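# Observations on the model geometry
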Amino acid sequence: MKTQTATIDCSSRNLTLPEVKTSTIHFNFTPSQQQTSIMSNQLEIIVDPKEKTIEGHTRKGYLFFKGDKIWEDHCHDNTIELARAIQTADYRFALTLEDKPKSVEGHIASITVKRGNETILNKLNTHDNMTKLRDAVNRALRESS
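Residues numbered from 1 in each chain as written. Predicted model: local features only at pLDDT ≥ 70, side-chain atom pairs only at ≥ 80, totals over all residues. Heavy atoms only, no water.

## Let's talk about the overall build of the protein
Let me state the cut-off plainly: Only DSSP runs of H or I with at least four residues qualify as helices, and only runs of E with at least two residues qualify as strands; both kinds are numbered from the N terminus onward. Any residue under 20% of the maximum accessible area for its type is buried, any over 50% is exposed, and the rest in between are partly exposed; the area is computed with a 1.4 Å probe on protein chains only. In this description, contact between two residues means that some pair of their heavy atoms is separated by no more than 4.5 Å. With residues, only the protein chains shown are counted as cover, and all accessible areas are computed by Shrake-Rupley using a 1.4 Å probe.
A count of helices and strands for the protein gives three helices and six strands. Written out in order from the N terminus, the α and β elements of the protein read β-β-α-β-β-α-β-β-α. Residue burial in the protein is summarised as follows: out of 145 residues, 42% are buried. For the protein, the proportion of contacts with a sequence separation of at least 24, taken over those separated by at least 6, is 65%. When the accessible area of the protein is evaluated, it comes to approximately 7,800 Å², of which 44% is carbon and sulfur surface.

## Topic: the pairing of strand β3 (residues 43-65)
For the record, the criterion: Strand pairing is assigned whenever DSSP identifies at least 2 bridges connecting the two strands.
As paired strands, β3 and strand β5 (residues 93-115) are joined by 19 bridges and run antiparallel to one another. Counted as the bridge partner of G56 is V104 from β5. Where β3 and strand β4 (residues 68-75) come together, seven bridges link them in antiparallel fashion. In the sheet register, R59 faces β4, and the bridge partner there is C75. With antiparallel pairing between neighbouring strands as the criterion, β3 and β4 make up a hairpin whose turn holds two residues, including K66 at a positive phi of roughly 50°.

## Remarks on the nonpolar core
What counts is decided by this rule: Side-chain atoms within 4.5 Å link the members of a nonpolar core, which is a set of buried Ala, Val, Leu, Ile, Met, Phe, Trp, Tyr and Cys residues.
Judged by nonpolar contacts, the single largest core of 27 residues is most densely connected at L43, L82, F93, V113 and L133. Elements supplying a minimum of two residues to this core: β3, β4, α2 (79-89), β5, β6 (118-126) and α3 (130-144). If near-sequence neighbours (up to four positions away) are discounted, L133 is found in contact with I45, L63, W71, L82, I86 and I111.

## Describing the pattern of salt bridges
Heads up, the condition is: Each salt bridge in this description consists of a side-chain nitrogen of Lys or Arg and a carboxyl oxygen of Asp or Glu lying within 4 Å of one another.
This model, assessed by the stated rule, comprises seven salt bridges. Two residues, E72 and K60, come together in a salt bridge whose shortest N-O distance is 3.3 Å. Highlighted residues: E72 in strand β4 and K60 in strand β3, separated in sequence by 12 residues. R92 is the salt-bridge partner of D90, the closest N and O atoms lying 2.7 Å from each other. Here the salt bridges do not stand alone but share partners, grouping K60, K69 and E72 into one network.

## As for the confidence of the model for the protein
Threshold: Along the chain, pLDDT gives the predictor's confidence residue by residue, from 0 to 100.
Put simply, the protein has an average pLDDT of 75, and 72% of its residues get 70 or more. Long-range and interchain partners of residues 1-40, a stretch whose pLDDT sits below 50, account for 80 contacts in this model, where long-range means more than four residues apart.

## Remarks on α2
Note on helix geometry: an α-helix contains 3.6 residues per turn, so any two residues three or four positions apart are oriented the same way. Burial within α2 is extensive, with nine of its 11 residues counted as buried. Taken as a whole, α2 has its buried residues at T79, I80, L82, A83, A85, I86, Q87, T88 and A89.

## Things to note about the environment of A109
Structurally, the position occupied by A109 is in strand β5. It is 7.7 Å that separates the C-alpha atoms of A109 and K52, two residues lying 57 residues apart in sequence.

## What to know about unusual backbone geometry
Of note in this structure, K66 is not a glycine but carries a positive phi near 50°. Examined against the element boundaries, K66 turns out to sit in the loop between β3 and β4. Look at K66 and you get exposed, because its relative accessible area is 53%. At K123, a position not held by glycine, the phi torsion is positive, near 55°. Here K123 shows up in strand β6.

Here it is, written out as structure tokens:
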């Protein structure tokens, strides 16, 4: 199984990632001086209810904080947008996505990622179980303070 790793400067506002055609995507982020100073603008994840839509899941996601796994669940290809947003807001988080057999499930929530007053990701379709991801992020941030 081929793995591609991308290192992204989190201080950049214009993040781009090359197209990846692999089974596993790992994100490794190195903080810049600017990113470290931005930490006072803490990451915030908001999960809101929305009308139900049906979408297929083709990935399994694992969220890490400073190298420790703090969350895992089924997800789909648009989760890469969530991964980028979380890691843009706080370099200490890393999300790994692996292929899994497709399942069809409904979305009844949206997820938003903010850092301070900046909205990095706005209302991405998701499940209400993403409250568990939000809670894992909040717990990790509280415990690291």
